[in-house]
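# Examination of the molecular architecture
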2 protein chains.
Amino acid sequence: MLSTNKKILIVGLGLIGGSYAAALTAKGFEVGAITKDEESITYALAHNIIKHGTTVVTKSYVNQFDLIVFALYPHIFVEWINQYGHFINKKALVTDVTGVKQAIVEQIQDKLAPVEFIPAHPMAGREVYGVYNSSKDLFVGANLIITPTNKNTQEAIDTIKSLGELLEFKNIAILSPKEHDEMIGFLSQLTHCIAIALMTCKKSHHLVEYTGDSFRDLTRIAKINEEMWTELFLLNKEELLAQMDLFLQSFTKLQKAIASDDVSTIKEMMKISTIRRTYFDK
Amino acid sequence: MLSTNKKILIVGLGLIGGSYAAALTAKGFEVGAITKDEESITYALAHNIIKHGTTVVTKSYVNQFDLIVFALYPHIFVEWINQYGHFINKKALVTDVTGVKQAIVEQIQDKLAPVEFIPAHPMAGREVYGVYNSSKDLFVGANLIITPTNKNTQEAIDTIKSLGELLEFKNIAILSPKEHDEMIGFLSQLTHCIAIALMTCKKSHHLVEYTGDSFRDLTRIAKINEEMWTELFLLNKEELLAQMDLFLQSFTKLQKAIASDDVSTIKEMMKISTIRRTYFDK
């Protein structure tokens, strides 16, 4: 178990980093933060989200922590490790929240060794950003995916599991980085691509008054932070493009069946669709 | 206005027909029903949804009604009119609830003349079927589209508007049959095609524990009555295929942009998507 005498550093006080900080402070840990703008620190101090924080990365500050959680855009995470990784205490554990894994895990493990990096991805988020929207309850009932490699020790993996339990994640799963990226490519990235394509394919403003729940449901996630998602898409390009192809095959099969009045193919797809969807009823 | 001394016939006591009957009975009208199975009549009588009903179509029963609402599958509606249309009182008004218009409106107007047929489409539904799930409140706050042609009189259109107001629809809009079919092809049929394709493109059962709201939202409508929707798709084939093409162009544009690291196209699509989606916030 993770005892509260461990000092925890959050790097990147956005929505996710801020929520880690808020939850861990509420659980009695001493939480520090490094982030790029002073206002986030000020806010986090004022709202008892962190005990202390800084915008200036120094060895003396970084070196005091036992556990470090990186909650940065992927390329900034990689740059940070290249620039400041050697500041990290050799006995510390490092984890992250990054939404893509194959693109970053190995290079960060190699760079940090002998410090151990146990990659993780909390499947939680909101359509708003910043520490100002963070919440100590953001992860309650959500899923946490840990994606260790053969470089990781069971002890370190167990510590990150404990961290997940402490934050009240509902399910904590272990996947390989590749399994993770394929799953995220399908469940999250492909669905965002579909929503974007549906929202951009036609000027639909004049249809607002006729719109029922179907169109609203399919486009809810069409509001998207273009900086973050472009980076996530491109860092998971291979898996995402493969999932997009799968979807396209199915969509064009249905389109051809409709074009050729192929009733049996249409009905067969609808039957499979109906049965499979029942698995996802809550 | 529609006065309660008008006798109203519902043909087809399913979810929609049953809900029309229940609402109109509650408003004080004498409502009769013709439907194919005796059990629906028995249930509707027992639950005060109709005053009387029959499974046998006779001239003497049909002829007594001032207003007739057809709530049948499109091809059954057309067959019914061909077989029994001459039973309808020459002073009666006829309307419907059919989800496609160009495929049926003209032929039914021609067949029924001089009886006037004012086509309509209540944009309401549930994922369950039958009179057993009907509700007098199904249309409260929903949209009603009336799709008249140059064969219709203003008086008859106004009567069907009054019927919509009585049922407490929120918006009552007038569209041409073509405008209706294009709108339905985009907002409803295309979204169902996307949900079906997403649900059938990959065996996803093992992903249930990782699934967040995005995938659930995009596939909610993947549970689908294959008899009804196959018929609706094929009767609106031309409009639906055009909408599917529009979506495909947008989706493959995004796919190509991702494949070629075309950051500016990806971000541009995301920005447009984000702005447009705000129009649909409730």
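Anything mentioned here points back to the structure above.
Residues numbered from 1 in each chain as written. Chains lettered and ligands numbered in written order. Predicted model: local features only at pLDDT ≥ 70, side-chain atom pairs only at ≥ 80, totals over all residues.

This paragraph deals with the overall build of chain A. Along the backbone of chain A there are 11 helices and nine strands. Dimensions of chain A along its principal axes, counting C-alpha atoms only, are 70 × 45 × 35 Å. The buried share of chain A, reckoned over its 282 residues, is 49%. Counting contacts in chain A only where the partners sit at least 6 residues apart, residues at least 24 apart contribute 69% of the total. (Helix = DSSP H or I, 4+ residues; strand = E, 2+ residues; numbered from the N terminus. Buried ≥ 20, exposed ≤ 12 C-beta atoms within 10 Å, placed from the backbone. Contact = placed C-beta atoms within 7 Å.)

After a rotation of 180° and a shift along the axis of 0.0 Å, chain B superposes on chain A with an RMSD of 0.1 Å. The symmetry that links the two subunits is that of a two-fold axis. Comparing interface residues between copies, 100% of those in chain B also lie at the interface in chain A; the contact surface is shared. (Least-squares fit on C-alpha atoms with pLDDT ≥ 70 in both.)

A separate point is the nonpolar core. By size, the foremost hydrophobic cluster in this structure holds 178 residues, and its most contacted members are Ile10 and Ala21 of chain A together with Ile10 and Ala21 of chain B. In this view, Ile10 of chain B contacts Gly17, Tyr20, Ala21, Val31, Ala33, Val69 and Ala71 of chain B; residues no more than four positions away in its chain are not counted. (Core = buried A, V, L, I, M, F, W, Y, C linked by C-beta atoms within 7 Å.)

Another aspect to go through is unusual backbone geometry. The step from Ala113 of chain A to Pro114 of chain A runs through a cis peptide bond, and the omega angle for that step is 10°. Following the sequence through the fold, Pro114 of chain A ends up in the loop between α5 (105-112) and β6 (116-118). Positive phi, close to 50°, is recorded for Asp261 of chain A, a residue that is not glycine. Look at Glu168 of chain B: it is not a glycine, yet its phi comes out positive at around 70°. Relative to the helices and strands, Glu168 of chain B is located in the loop between α6 (154-166) and β9 (171-174).

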